Amino acid sequence: MDEKKEENEVQGLNFIEAEVAKDLEEGRNNGRIQTRFPPEPNGYLHIGHAKAICMDFGIAKKFNGTCNLRFDDTNPVKEDVEYVDSIKEDIQWLGYQWQNVYYASDYFQQLYDLAIRFIKEGKAYVDEQSAEQIAAQKGSPTVPGTNSPYRDRSVEENLKLFQDMTDGKVEDGKMVLRAKIDMASPNMHFRDPIMYRIITTHPHHRTGWKWKVYPMYDFAHGQSDYFEGVTHSLCTLEFEVHRPLYDWFIDQFADSDYRPKQREFNRLNLTYTVMSKRKMLQLVKEGLVRGWDDPRMPTICGLRRRGYTPESIHDFVYNKIGFTKYVGLIDMSVLESCIREDLNKRANRVCGVVNPVKLVLTNYPDNQEETVQMENNQEDENAGMRDVPFSKECWIERDDFMEEAPKKYFRLTPGNEVRLKGAYIVKCTGCKKDENGNVVEVYAEYDPLSKSGSGTPESNRKIKGTIHWVSVKHALEAEVRLYDRLFSCENPGEDKERDFHEMLNPDSLKIVKAYVEPSLANAKALDHYQFQRIGYFNVDPDSKPGALVFNRTVGLKDSWAKIANK
RNA sequence: UGUUCCUUGGUGUAAUGGUAGCACAUCAGUUUCUGGCACUGCUUGUCAGGGUUCGAAUCCUUGAGGAACAACCA
């Protein structure tokens, strides 16, 4: 019985959750669960961070623990408050709330005192070689390193020199504090890792000019976890090699059985985009995108502006990609299917014509107009109906007319009938072309008895094709931004041969003039819609009444395009 | 020729010694006043060899392939 129950509990847990469950069961750290999300405030959060956020906050939620936000702000050269604010905003938008906000810089004094203790115990020394010399002595993964000539200084000398570093008496780069461990260790991270370096050129965004020495990641992260009482320090796979050092540092000074546990999971890689901060920064700095929140960026703010919902991202992370130790590459189509699924339920349907051509109903009275009713969302029974004006001339998609159509083309072509969504059945009679052969107007005759919902036998006729439309007289002009993948190759981050710029998709953004139905006049920023038969769109923050701007979040699946391409 | 980690359909992920399943993608249908949604069905998989076992994707072993690590970055 008990065995059965245990099995059920382990079901559906990823490997990290399973380990946490086990720790809990064994009473590790008094049954306490505490995690942290530790971003460095040197860039905007991206979808890969969203995965880590779901893990860190999700574990705390699932096991009744707490999760804190801790900024890993140990390098003032790169960090800035600008990023602190955006990071907080993005986490909350994703639907998570931290227990406390902490900063690694909160622990600068504590870390410093600990460094002094290491020196006094003969476990750290001041090295005054150049970065190049130190690197040369490190050896390589296959060749052991050699000891620094300064490795065996006296405690007193080390203490004095570290004090000089602290007091700003030493120039940047002239001295570092290193842990004295093992220059021959097969793990490179044990070859006397640097604990402190001197930075006097930049003020810290929180401590100003107070400190001249700053701790390195390996000496700051694990210790911060320990000071805070973190029980599970979850991070990505590249830190796996750091784990023995993480444990080593803590073992040197821990005074109880409590131990934080670092565990690693795979980071997210997505096709047709890049996730490295360096490359994203390059995209922004070089103006290759319009900013960190450009809807083509994989940033949280970019996805938000693009029309992604927190729910869709959560579904993607938890139910679609999972957490493992295998470094894979997720197809963008998986993310796209998540947002389609979410928006299918919540986005109201509207008519928007993105590539317009005029349709004239030759037998419809010239000045007549009328109102037809359309369902807002047939996937949501509470969504209701709306009125849409109809008249003799309508904008329709260029793609919905072909003078000479192939088989299985169910749209307008001379002699063929289609249903104008929510209105009438019309029969195509021809078109007008300009001197270059471009279609400028399409002609059709409507069947007055076929009005949708009228219940007449004519209205109930089965017509193979239904197209959307917007009355010319009532149409609102809108700017529509059609986004496509940012890169034209699957894994731009991996391709070291080709230049980054060459791999960019030149058609990642197309801006078009579109016509939308008048109900959209007061659409608010970030509102989601489905432009029927076209795709999901949301209102860009640039949008204003009278100057509407829409972003294409993602297109609808288009099985006609597949047939047509064959 | 070091250390650590990884390898299940095209992609990602389940199966925790006992029926290899799911999602996305693909293909073929049904349905449809969205060529959407929904529904049905097809195809495709345990990296290789050896061992333990009544039974192995799972445990052991050898090999192959891949990743991370040589920043005064995190």
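Rules behind the numbers
- Residues numbered from 1 in each chain as written.
- Chains lettered and ligands numbered in written order.
- Predicted model: local features only at pLDDT ≥ 70, side-chain atom pairs only at ≥ 80, totals over all residues.
- Heavy atoms only, no water.
- Salt bridge = Lys/Arg side-chain N within 4 Å of Asp/Glu carboxyl O.
- Helix = DSSP H or I, 4+ residues; strand = E, 2+ residues; numbered from the N terminus.
- Near = heavy atom within 4 Å.
- Contact = heavy atoms within 4.5 Å.
- Expected span 1.5 Å × (residues − 1).
- Buried < 20%, exposed > 50% of the residue type's maximum accessible area, 1.4 Å probe, protein only.
- Arc of directions from axis to C-beta.
- Disulfide = S-S within 2.5 Å.
- Axes fitted to C-alpha atoms, helices over the stretch in contact; angles between N-to-C directions.
- Left-handed = near helix turned anticlockwise from the far one by under 90°.
- Nonpolar A, V, L, I, M, F, W, Y, C, P; charged D, E, K, R; others polar.
- Pairing = 2+ DSSP bridges.
- Parallel < 35°, antiparallel > 145°, perpendicular 65-115°, else oblique.

Take the pattern of salt bridges next. Inspection of the entire model under this criterion finds 47 salt bridges. Put simply, Glu 121 and Arg 117 hold a salt bridge, and the shortest N to O gap is 3.1 Å. For Asp 164, the salt bridge goes to Lys 160, with nearest N and O atoms at 2.7 Å. Of this pair, Asp 164 and Lys 160 both sit in helix α7 (residues 155-166), separated by 4 residues, roughly a single helical turn.

Attention now moves to the protein's contact with RNA strand B. In the vicinity of RNA strand B lie 71 residues, with Met 188, Arg 349, Ser 452, Gln 530 and Arg 533 positioned nearest. At the protein interface, 61% of the atoms of RNA strand B within 4 Å belong to sugar or phosphate. When residues of the surface near RNA strand B are traced back to their parent elements, those giving at least two are α6 (131-137), β6 (194-198), α12 (310-321), α13 (332-346) and α15 (559-564).

Moving on to the environment of Asn 147. With respect to the helices and strands, the residue Asn 147 is situated in the loop between α6 and α7. Spatially, the C-alpha atom of Asn 147 lies 23 Å from that of Arg 243, the residues being 96 residues apart in sequence. With sequence-adjacent residues up to four places away left out, Asn 147 is seen in contact with Gln 137 and Met 183.

Moving on, we come to helix α3 (residues 47-62). If you check α3, its first and last C-alpha atoms are 21 Å apart, about what 16 residues at 1.5 Å a residue would give, namely 22 Å. Counted residue by residue, α3 has 14 buried out of 16 residues, so it is predominantly covered.

Now for helix α10 (residues 277-285). When α10 is considered as a whole, its buried residues turn out to be Lys 279, Met 280 and Leu 283. Here the buried residues of α10 occupy an arc of 100° about the axis, which is enough to place them on one side. Facing away from the buried side of α10 by more than 90 degrees, the exposed set consists of Arg 278 and Lys 285. One or two residues past the end of α10 sits Gly 287, with phi positive at roughly 70°.

Let us look at the state of the cysteines. Under the criterion given, the structure shown has 0 disulfides. Note on Cys 301: no disulfide assigned, nearest cysteine sulfur contributed by Cys 54 at a separation of 17 Å.

What follows is about the packing of helix α2 (residues 15-25) against α3. Orientation of α2 relative to α3, taken along the N-to-C sense of each, is 35°, at an axis distance of 11 Å. Judged by the sense of rotation from one axis to the other, the crossing of α2 with α3 is right-handed. Residues Ile 16, Glu 17 and Val 20 of α2 form the contact with α3, whose own contacting residues are Met 55, Ile 59 and Lys 62. A per-class count over the contact of α2 with α3 returns 4 nonpolar, no polar and 2 charged.

What the 3 strands build is an open sheet, ordered β1-β2-β3; its pairing is parallel. Both outer strands of the open sheet, β1 (34-37) and β3 (101-103), are each paired with one neighbouring strand and no more. Between one strand axis and the next, the sheet turns through 35° on average, direction left out of account. Both β1 and strand β2 (residues 66-71) contribute to a ladder of 4 bridges, which runs parallel. Paired with Phe 37 across the two strands is Leu 69, which belongs to β2.

Take the packing of helix α5 (residues 108-120) against helix α8 (residues 217-228) next. Running from N to C, α5 and α8 point in directions that differ by 110°, and their axes come no closer than 11 Å. By the angle between their axes, α5 is roughly perpendicular relative to α8. The hand of the α5/α8 crossing is right-handed. On the side of α5, the interface is formed by Gln 110, Leu 111, Leu 114, Ala 115 and Phe 118, while α8 contributes Phe 219, Ala 220, Gln 223 and Phe 227. Class assignment of the residues belonging to the contact of α5 with α8 gives a composition of 7 nonpolar, 2 polar and no charged.

Ordered in space as β19-β16-β17-β18-β12-β15-β20, the 7 strands form an open sheet in which the pairing is mixed. Strands with a single pairing partner mark the edges of an open sheet, and in this sheet they are β19 (466-467) and β20 (470-471). Two strands pair when backbone bridges link them, and strand β17 (residues 425-433) and strand β18 (residues 439-446) are joined in this way by 7 bridges, in the antiparallel orientation. From the neighbouring strand, Gly 430 faces β18, where its bridge partner is Tyr 443.

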